[in-house]
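Survey of secondary and tertiary structure
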Amino acid sequence: MQETAQTADESLFSARFKLYNSTTDSLSIIFLFSAENIRVRIEPIKEKIPKHVLKVIEEELAKLVMLESSSSCVESTYDYLDWLTMLPWGNFSDENFDIQKPEKILDNDHYGLSHVKERILEFIAVRRLKGTSKGLVSLPFCFTLVICLSGPPGVGKTSIGRSIARALGLKFFRFSVGGLSDVDEIKGLRRSYDGALPGKMVKCLRSVGTLNPLVLIDEIDKLGKSSSDDPGSALLELLDPEQNADFRDLYLDVTIDLSKVLFVCTANVLDKIPTPLLDRMEVINISGYITDDKMHIARDHLLKTTCMECGIKPEQVVVRDAALRSLIENYCREPGVRNLQKHIEKIYRKIALKLVREGASAETPEVSVKNFMIDESNLADYVGKPVLYADKIYEQTPVGVVMGLSTKSTGGSTLYIETTSVEEGEGKGGLHITGQLGDVMKESAEIAHTVARRIMLEKEPKNLFFANSKLHLHIPEGATPKDGPSAGCTMITSFLSLAMKKPVRKDLAMTGEVTLTGRILPIGGVKEKTIAARRSQVKMMIFPEGNRRDFDELACNLKEGLDVHFVDEYEQIFELAFGYNMGSPPLNFRRSLTSFMWDLLSGCFQ
């Protein structure tokens, strides 16, 4: 039937060619021939093209044939028809509903990340049940929210998206919206403007050739915004399952059904994603990898891949576990593995250079017989001196210093709170704060100062330390901006440690937001903070009671060897940090043991 339609179109073209041959120039004939080519192109898929789109195509074809060759609309009309007819109308990829194959693909491509893999397998299971019951090849994705993979750089968010596409049997398309501030990049530019083109989504469909690809939208937390354009609103129409079934590109000006497209977004932090967009996403957190995870990833993936890319035989290089662990802990401590990959590539490049200098090449591989052993003693010869040192600044925590825990875009880290007295005198009480703290953290410091004063007033009314001492609170790494409420309990402990002249327990770290009445509220980033604590050889950790469930969900190897306490009142932290029970009788913490015993004996004889 396709051959018959093509023959009819060719006959029609021949008749029109004879009719217009004497009255039209060569350019008119070219565009007439192009119009016939478009008719031939859409004939096999005419039944699959939506009726409203087919109607527009017919109208534009009739317009193209009747236009004068000198008209400025001829070229723009042909370009429009070319874009409209090149879209994969009615073409879908066959989805993979088998659970075993996707599970194997995900395990081969990525180590760990069990919660991410479990979510993808759940997704496939639902698709299989729904597809089997309805007998459909491709179903809308409107029953699920858009997936957002959130985590620090280098943890494999983009590669996970690619693996999901391979596991589902879908075509993959990626584009980044980092710094994007032009709505036209998403929704296209109207045909009335010179140089108008469709938006990213239309280009995606034309590129992959199906209407059900997996589209990865990278760096959605870095979306730009100008005074006249808001790309977040355009993305909302693209991603919202309730709207994208009738997505309208401004260039094509016809509705396109995008409900069968699986959208996966990536972000480093969630706070910068517009709230309406975040509301439509299902966030899957990828916190990062601990040292043991990185060891497995390096052994199973990075070393093998780098060795192959550098043209070196696997048996020529032996990397000891001690060298790999030292590389991770002293050079590549970030939660991702991108920097680790760069350092491994650096090692193999130096080995390749040594082999070439000895006469090895692809033509003479027999020359490459020398073997290299990379251990902790010669690691610096390949990657230089260590650039990172222990996060733990103090072996024995001094008075007024307490270790806190924080999170940032690169993962978790320790955060020391340091307090000292700079001036004493009647009525000189006050607080000075440094360390490039944000507004929220400054308020936390003021609340902590107030709570600490109240605690000392309750325990020892005659102790006027806070009333007569001007304090200076500082958080090291002053060049790094810091903000957030989770250091409140750490600040209170630091103030009380200075007031009592008593250091906190060794190997203790804590985190938690505190209220003015001493309640401890839940915080975020439990996994990242636990990783940072393990890296600093912390043995005892204090978390808010509200984070008990988050901690219980962590892997067993991450919780191993940690003495974790969950609290909801600061009284519990005080007892853990200093070994005192706040319910005991008031004690003058600044008096010596001798004066205390003397007062006690004196009271007995009165």
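Looking at an unreviewed UniProt entry, one finds the protein named Lon proteolytic domain-containing protein, with Brassica napus as its source organism.

This part takes up the overall build of the protein. Secondary structure assignment for the protein yields 23 helices and 18 strands. Expressed as a percentage of the 606 residues in the protein, the buried residues total 46%. For the protein, contacts bridging at least 24 residues in sequence account for 74% of all contacts bridging at least 6. Of the roughly 30,200 Å² that the protein leaves accessible, carbon and sulfur atoms contribute 52%.

Here we come to the sheet that holds strand β10 (residues 401-408). Within the open sheet, the seven strands sit side by side as β12-β13-β11-β10-β14-β17-β18. Their pairing is mixed. Strand pairing shows two members of the sheet lacking a second neighbour, β12 (430-434) and β18 (563-567), which therefore form its edges. Between one strand and the next, the sheet's axes are offset by a mean angle of 30°, whatever the strand orientation. Judged from the three bridges that link them, strand β14 (residues 508-510) and strand β17 (residues 540-544) form a sheet pairing that is parallel. Among the inter-strand pairings, M510 is bridged to a residue of β17, identified as I542. Set on the sheet, helix α16 (residues 439-459) makes contact with β11 (411-424), β12 and β13 (469-474); between it and β12 the angle comes to about 150°. Its contacts with the sheet put helix α18 (residues 488-500) on β10, β11, β12, β13 and β14, and the angle it makes with β11 is roughly 35°.

A contiguous patch of positive charge, built from K346, R349, K350 and K354, is present on the exposed surface. Examined against the element boundaries, K354 turns out to sit in helix α14 (residues 338-357). Classification of K354 as partly exposed rests on a relative accessible area of 36%.

Side chains that differ in charge, positive against negative, can pair when their charged atoms come close. Counting across every chain of the model gives 22 salt bridges. For D218, the salt bridge identified is with R174, shortest N-O distance 2.9 Å. Highlighted residues: D218 in strand β3 (residues 214-218) and R174 in strand β2 (residues 172-176), separated in sequence by 44 residues. Overall, the relative accessible area of 5% leaves D218 in the buried class.

Their axes nearest at 11 Å, the elements α18 and helix α22 (residues 570-578) cross at an angle of 50°. Put simply, α18 runs oblique to α22. The two elements α18 and α22 meet at a crossing, and its hand is right-handed. For the pair α18 and α22, the contacting residues are C489, I492, T493, L496, S497 and M500 in the first and Y570, I573, F574, A577 and F578 in the second. Looking at side-chain class alone, the contact of α18 with α22 contains nine nonpolar, two polar and no charged residues.

On to the environment of T434, then. Examined against the element boundaries, T434 turns out to sit in strand β12. Residue T434 is classed as partly exposed on the basis of its relative accessible area of 24%. Once the C-alpha coordinates of T434 and L473 are considered, the two residues, 39 residues apart in sequence, prove to be 6.4 Å apart. Apart from the residues within four sequence positions on either side, T434 is in contact with H472, L473, H474 and I475. A polar contact is formed between the side chain of T434 and the side chain of H472, at a distance of 2.9 Å.

In this section: the sheet that holds strand β1 (residues 146-150). Spatial ordering of the open sheet is given by β2-β3-β6-β1-β7, a layout of five strands whose pairing is parallel. At either end of the open sheet lies a strand with only one pairing partner, and these are β2 and β7 (281-285). Direction aside, neighbouring strands of the sheet carry axes that sit 25° apart on average. One ladder, built from five bridges, connects β2 with β3; its direction is parallel.

It is worth spelling out the UniProt feature "active site" (unreviewed entry) in the protein at this point. Using the residue numbers shown here, the UniProt feature "active site" (unreviewed entry) corresponds to S486 and K529. For the residues just named, distributed over 44 residues, the greatest C-alpha separation is only 11.1 Å, placing them together at one site. Within the element layout of this structure, S486 appears in the loop between β13 and α18. Not counting chain neighbours up to four residues away, the residues in contact with S486 comprise L405, T511, G512, E513, I523 and K529. The residue K529 is located in helix α19 (residues 526-535) in this model. Those residues within four positions of K529 in sequence are excluded, and the remaining contacts are L405, S406, T407, S486, T511, I523, G524 and M541.

Taking 1.5 Å per residue as the helical rise, α18 with its 13 residues ought to reach 18 Å, and the 19 Å between its terminal C-alpha atoms agrees with that figure. Burial within α18 is extensive, with 13 of its 13 residues counted as buried. K501 sits one or two positions beyond α18 and adopts a positive phi of about 55°.

The next point concerns the packing of aromatic side chains. All chains considered together, the criterion is met by seven aromatic pairs. For the ring pair F574 and F578, a centre distance of 5.1 Å and an interplane angle of 50° mean the geometry is tilted. Taken together, the positions of F574 and F578, both in helix α22 and four residues apart, correspond to about one turn of that helix. Grouping residues by exposure puts F574 and F578 together as buried.

Ranked by size, the top nonpolar core spans 54 residues in total, and within it M201, I217, I220 and L252 carry the most contacts. If one sorts the elements of this core by residue count, helix α3 (residues 51-66) sits on top with six residues. What I220 contacts, discounting residues up to four positions off in sequence, is V177, L235, L239, C265, T266, A267, I273, L277 and M281.

The next subject is the side chain of T493. Mapped onto the elements, T493 comes out in helix α18. The contact partners of T493, leaving out residues within four places of it in the chain, are V402, V504, M510, Y570, I573, A577 and F578.

Turning our attention to the packing of α3 against helix α4 (residues 73-86). Remark: α3 packs on α4, axes separated minimally by 10 Å, with the N-to-C direction vectors making an angle of 150°. As judged from the angle between their axes, α3 and α4 are roughly antiparallel. Regarding α3 and α4, the two cross each other, and that crossing is left-handed. Contacts from V53, V56, I57, E60, L61, K63 and L64 of α3 reach α4 at V74, T77, Y78, Y80, L81, L84 and T85. Taken together, the residues of the contact of α3 with α4 break down into ten nonpolar, two polar and two charged.

For residues other than glycine, phi is negative in most cases, and the peptide bonds are mostly trans. Of note, the phi angle at Q436 is positive, near 55°, even though the residue is not glycine. Considering the arrangement of structural elements, one finds Q436 in the loop between β12 and α16. In the Ramachandran plot, K501 falls in the positive-phi region, its phi being about 55° despite a non-glycine side chain. Along the chain, K501 falls in the loop between α18 and β14. Relative accessible area serves as the criterion here: at 46%, K501 is assigned to the partly exposed category.

Each value, and the rule that gives it
Residues numbered from 1 in each chain as written. Predicted model: local features only at pLDDT ≥ 70, side-chain atom pairs only at ≥ 80, totals over all residues. Heavy atoms only, no water. Helix = DSSP H or I, 4+ residues; strand = E, 2+ residues; numbered from the N terminus. Buried < 20%, exposed > 50% of the residue type's maximum accessible area, 1.4 Å probe, protein only. Contact = heavy atoms within 4.5 Å. Areas by Shrake-Rupley, 256 points an atom, 1.4 Å probe, with all protein chains shown as cover. Pairing = 2+ DSSP bridges. Axes fitted to C-alpha atoms, helices over the stretch in contact; angles between N-to-C directions. Patch = residues over 30% accessible without salt bridge, like charges linked within 9 Å, V, L, I, M, F, W, Y side chains within 5 Å. Salt bridge = Lys/Arg side-chain N within 4 Å of Asp/Glu carboxyl O. Lys, Arg positive; Asp, Glu negative; His and termini not counted. Charge placed at Lys NZ, Arg CZ, Asp CG, Glu CD. Parallel < 35°, antiparallel > 145°, perpendicular 65-115°, else oblique. Left-handed = near helix turned anticlockwise from the far one by under 90°. Nonpolar A, V, L, I, M, F, W, Y, C, P; charged D, E, K, R; others polar. Polar contact = N/O pair within 3.5 Å; in protein donor to acceptor, adjacent residues only side chain to side chain. UniProt positions renumbered as here; feature names shortened; annotations may be inferred. Expected span 1.5 Å × (residues − 1). Phe/Tyr/Trp six-rings, centres within 6.5 Å; stacked < 30°, edge-to-face > 60°. Core = buried A, V, L, I, M, F, W, Y, C linked by side-chain atoms within 4.5 Å.

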